[in-house]
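# Report on the structure
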Amino acid sequence: PVAPAPPVAESTEPTGTTEPTGDAHLTEIAAPMVGTFYAQPEPGAEPYVSVGARVKPGTTLCIIEAMKIMNPIDAEITGVIKEVCVSDAQPVEFGQVLFRVDPNG
């Protein structure tokens, strides 16, 4: 028999990190919860942000649907979106990188 996985504790850490990536100067914005990633407010609408978009704290980046609740995910830093790491309507895991932002851009 397989033992059940231990429960996952909720984190209160900010979702922006400065972990080195291929570009060490980029800041990663990670999913704060498990759910479904939505890049735009409704099907057919323009995405909240795309590569090259300038963001600042409070800018809505995407929505993550969790248990039928739509949770807007806002930027916590100022910078330019350099990479969108997930496709629209894709399931995401807690801590999965959603965006890479250049804070110097």
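The present account deals with the structure reproduced in this document.

## Topic: the pattern of salt bridges
- Taken as a whole, this structure holds two salt bridges when the rule is applied.
- As a salt-bridge pair, Glu-83 and Arg-100 come within 3.0 Å of each other at their nearest N and O atoms. Here the residue Glu-83 occupies a position in strand 7 (residues 79-84), and Arg-100 occupies one in strand 9 (residues 97-102), the gap between them amounting to 17 residues.
- The partly exposed category is assigned to Glu-83, whose relative accessible area is 34%.
- Arg-100 sits in the buried class, given a relative accessible area of 18%.
- Each of the salt bridges in this network shares a partner with another, and the network as a whole consists of Glu-28, Glu-83 and Arg-100.

## A few points about the sheet that holds strand 3 (residues 35-38)
- Spatial ordering of the open sheet is given by 6-5-3-8, a layout of four strands whose pairing is antiparallel. Edge positions in the open sheet fall to strand 6 (69-74) and strand 8 (91-92), since each of these has one partner strand only.
- Sheet analysis places strand 5 (residues 60-66) next to strand 6, joined by six bridges and oriented antiparallel. Note on strand 6: the bridge partner recorded for Glu-65 is Met-70.

## Section: the packing of aromatic side chains
- Per the counting criterion, the structure on display carries one aromatic pair.
- When the centroid spacing of 6.0 Å and the interplanar angle of 55° are considered together, the rings of Phe-37 and Phe-99 count as tilted. In this pair, Phe-37 sits in strand 3 while Phe-99 sits in strand 9, placing the two residues 62 residues apart along the sequence.
- On the accessibility criterion, Phe-37 (1% relative accessible area) is buried.
- The exposure class of Phe-99 is buried, given its relative accessible area of 1%.

## A few points about the side chain of Gln-40
- Within the element layout of this structure, Gln-40 appears in the loop between strand 3 and strand 4 (54-55).
- Judged by its relative accessible area of 15%, Gln-40 falls in the buried class.
- For Gln-40, the side chain forms a polar contact with the side chain of Asp-88, separated by 3.1 Å.
- Sequence-distant contacts of Gln-40, that is, excluding residues within four places in its chain, are made with Ala-45, Glu-46, Pro-47, Tyr-48 and Asp-88.

About the criteria used
Residues numbered from 1 in each chain as written. Predicted model: local features only at pLDDT ≥ 70, side-chain atom pairs only at ≥ 80, totals over all residues. Heavy atoms only, no water. Salt bridge = Lys/Arg side-chain N within 4 Å of Asp/Glu carboxyl O. Helix = DSSP H or I, 4+ residues; strand = E, 2+ residues; numbered from the N terminus. Buried < 20%, exposed > 50% of the residue type's maximum accessible area, 1.4 Å probe, protein only. Pairing = 2+ DSSP bridges. Phe/Tyr/Trp six-rings, centres within 6.5 Å; stacked < 30°, edge-to-face > 60°. Polar contact = N/O pair within 3.5 Å; in protein donor to acceptor, adjacent residues only side chain to side chain. Contact = heavy atoms within 4.5 Å.

Function cannot be inferred from these measures alone, as they are strictly geometric.
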